[in-house]
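Architecture and fold: a report
Each chain, written out:
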Amino acid sequence: MVKLRAGTAGGAYDVLIGRGLTERVGELLRELYGGGAPGGGIAVVSDANVWALYGARLTAAMESAGLGFFSVVLEPGERAKSLEGLRLVYDAFGRGKLRRDGLALAFGGGVVGDLCGFAAATWNRGVDFVQLPTTLLAQVDSGIGGKTAINVEAGKNLVGAFYQPRLAVMDTGLQDALPAREYRCGMAEVIKYGAIRSEALLGKLAGAASGGGAAERLEPALMAEVVRECCDIKKGIVERDEFDRGERMLLNFGHSFGHAIERAGSYERHNHGEAVAMGMVMAARLGEDKGMTEPGTERALREILASKGLEADCGYGAEELLPHMEMDKKRGGAGLRLVLLRRLGDAFIYDCDFQELREGMAAW
């Protein structure tokens, strides 16, 4: 097991990475609470797919540590990350009598983590929150950093809060049961970290791809190393800019385009990682067209994405995407704060007005 320590104004916490950690969750929670248990109860928030696969395993781990809990099992998918999904969680917290000194444990992918985290931040004005992410995407990205949110009609993640977990447990063994599409979704976020901060990480992925291509998953030791490196990059950025006012915006590489792609497809045509992959290519293309990005960067990104089975083209144009991008959280004044690349491994923030963006996209 690898342990990283994340320290922010919102609180310091451990990030644990390794295989088989789900079976130790009860023991780890006992350690977190000094050998005891949260006095106000424990709520486990999950979705139906995850609970069918791993619910019995988590239950056994909690029971072996003498920890009682109640579960909130939601329908899987992005649509659960909504006002209605939040109401269902609140209602369950109320029925379970979760008090202010209680704990909400997120057991699922990014949707569950974001939703549970926001519910925890707002229930009784804040209860403890632990992340136990079950997908590659959530383990390398949304499972740490304290961003919590739900989607509303106006756009994705527009209602949320910065709320740090007390503990994040990345059981890389849970990735074994991921469907191929969900695994690819997570690889898009891994590639994002390489694109913004670590060309060496992209080299590791490219080397692994040569042995079997998109169908072959990283072997366990390399996967643990990749998750650790992504978490280390993110925790460092978050420690320096917890509230997303500067450097942390780099983590949104591909996301302004990606969120618009998700919404244009009604959150059904493309999942988050697929949309981010397409968004990264669009950002690289825009940067090259404007002479800000090293020539060949878009092509190199396309190649590494293709090696992991990820499509680079979304099929939407400016007229379909820009109305959604106008509601992006990173909007400022007449435009967006986009993340572009100087080259692979070197990202920067560029203030791009909407007319400039429209003209650039129209040329594609």
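To start, this report covers the structure provided alongside it. The structure displayed is predicted, hence computed values, not measured ones.

Here we take up the packing of aromatic side chains. Under the criterion given, the structure shown has six aromatic pairs. Between the aromatic rings of Trp51 and Phe69, the centroid separation amounts to 6.4 Å while the plane-to-plane angle is 70 degrees, which identifies the pairing as edge-to-face. In this pair, Trp51 is assigned in helix H2 (residues 48-64) and Phe69 in the loop between H2 and strand E4 (70-74), connecting sequence segments 18 residues apart. For Trp51, a relative accessible area of 21% corresponds to the partly exposed category. Residues Phe162 and Phe243 carry aromatic rings whose centres are separated by 5.3 Å and whose planes lie at 90 degrees to one another, so their mutual orientation is edge-to-face. You can see Phe162 sitting in strand E8 (residues 155-162) and its partner Phe243 sitting in the loop between helix H8 (220-240) and helix H9 (255-264), a full 81 residues away along the chain.

This paragraph deals with the pairing of strand E12 (residues 346-353). Bridge count between strand E11 (residues 335-343) and E12: eight bridges; the pairing is antiparallel. Directly across from Gly335, in E12, lies its bridge partner Asp353. Hairpin connection from E11 to E12: two residues lie between these consecutive antiparallel strands, with Gly345 at a positive phi of about 95 degrees.

Another point: the pattern of salt bridges. Using the criterion set out here, one finds 37 salt bridges in the structure. For Arg99, the salt bridge identified is with Asp101, shortest N-O distance 3.3 Å. Classification of Arg99 as partly exposed rests on a relative accessible area of 45%. Looking at Asp101, the relative accessible area reads 39%, which means it is partly exposed. Note that Arg285 is salt-bridged to Asp313, the shortest N-O span being 3.6 Å. With Arg285 in helix H10 (residues 272-289) and Asp313 in the loop between helix H11 (297-307) and helix H12 (318-325), this pair connects stretches of sequence that are 28 residues apart. Assessed through its relative accessible area of 16%, Arg285 is described here as buried. Overlapping salt bridges bring together Glu78, Lys81, Asp114, Lys156 and Glu262 as one network.

In this section: empty space enclosed by the protein. By the definition in use, this model includes two cavities of 30 Å³ or more. In this structure, the largest cavity spans a volume of roughly 110 Å³. Taken together, 13 residues make up the lining of the largest cavity; nearest its centre are Lys156, His259, His324, Met327 and Asp328. Taken together, the residues of the lining of the largest cavity break down into five nonpolar, four polar and four charged. Roughly 30 Å³ of volume is contained in the second largest cavity. Contributing to the lining of the second largest cavity are Asn252, Phe253, Gly254, His255, Ser256, Phe257, Ala283, Leu338 and Val339.

What follows concerns the sheet that holds E4. Read across the open sheet, the seven strands follow the order E1-E2-E9-E6-E5-E3-E4; overall the sheet is mixed. With one partner strand each, in any of the chains shown, strand E1 (2-8) and E4 form the two edges of the open sheet. If you compare each strand with its neighbour and ignore which way they point, the axes differ by 15 degrees on average. Pairing of strand E3 (residues 42-47) with strand E5 (residues 103-108), which is carried by five bridges, proceeds in the parallel orientation. Bridge pairing links Val44 to Leu105 in E5. Those strands touched by H2 are E3, E4, E5 and strand E6 (128-133), and its axis lies near 150 degrees from that of E3.

This part covers H2. Between the first and last C-alpha of H2 there are 23 Å, a value that for 17 residues agrees with the 24 Å anticipated at 1.5 Å per step. Listing the buried residues of H2 in full gives Val50, Tyr54, Gly55, Leu58, Thr59, Ala61 and Met62. Among the structural elements, helix H1 (25-32), E3, E5 and E6 are those in contact with the buried residues of H2. Structurally, the start of H2 carries an N-cap: the backbone nitrogen of Asn49 is 3.0 Å from a side-chain oxygen of Asp47. At the C-terminal side of H2, Gly66 shows a positive phi close to 70 degrees.

What counts, and at which threshold
- Throughout this document, residue positions are counted from 1 along each chain, in the order its sequence is written.
- Thresholds applied to this predicted model are a pLDDT of at least 70 for local features of residues and 80 or more for the giving and counting of side-chain atom pairs; totals over whole chains, interfaces and linings are not thresholded and use all residues.
- Only heavy atoms go into the side-chain values, all of them from the structure, while hydrogens and water stay out.
- Between the rings of Phe, Tyr and Trp (Trp by its six-membered ring), a pair exists once the centres lie within 6.5 Å; its type follows the angle of the planes, with under 30 degrees stacked, over 60 edge-to-face, and the other angles tilted.
- To qualify as a helix, a DSSP run of H or I must reach at least 4 residues; to qualify as a strand, a run of E must reach at least 2; elements of each kind are numbered from the N terminus.
- Throughout this description, buried means an accessible area under 20% of the type-specific maximum (1.4 Å probe, protein chains only), exposed means over 50%, and partly exposed covers the range between.
- Two strands qualify as a pair provided DSSP detects at least 2 bridges between them.
- We define a salt bridge as a side-chain nitrogen of Lys or Arg found within 4 Å of a carboxyl oxygen belonging to Asp or Glu.
- Residues are said to line a cavity or pocket when one of their atoms sits within 4 Å of a point; the points come from a 1 Å grid over protein atoms alone, cavities being sets where a 1.4 Å probe fits but cannot get out and pockets being open sets with protein on both sides within 12 Å along at least five of seven lines.
- Grid points are joined across faces, edges and corners, and a volume is the space filled by probe spheres set on the points.
- Amino acids are sorted into nonpolar (Ala, Val, Leu, Ile, Met, Phe, Trp, Tyr, Cys and Pro), charged (Asp, Glu, Lys and Arg) and polar (every other residue, Gly among them).
- To obtain an axis, a line is fitted to C-alpha atoms, over the contacting stretch when the element is a helix, and the angle between two such axes runs from 0 to 180 degrees between their N-to-C directions.
- The contact definition used throughout considers only heavy atoms, calling two residues in contact when any of these lie within 4.5 Å.
- To estimate the expected span of a helix, count its residues, drop one, and scale the result by 1.5 Å.
- Think of a polar contact as two N or O atoms within 3.5 Å of one another; within protein, one of them needs to be a possible hydrogen donor and the other a possible acceptor, and neighboring residues in sequence only count if both atoms come from side chains.

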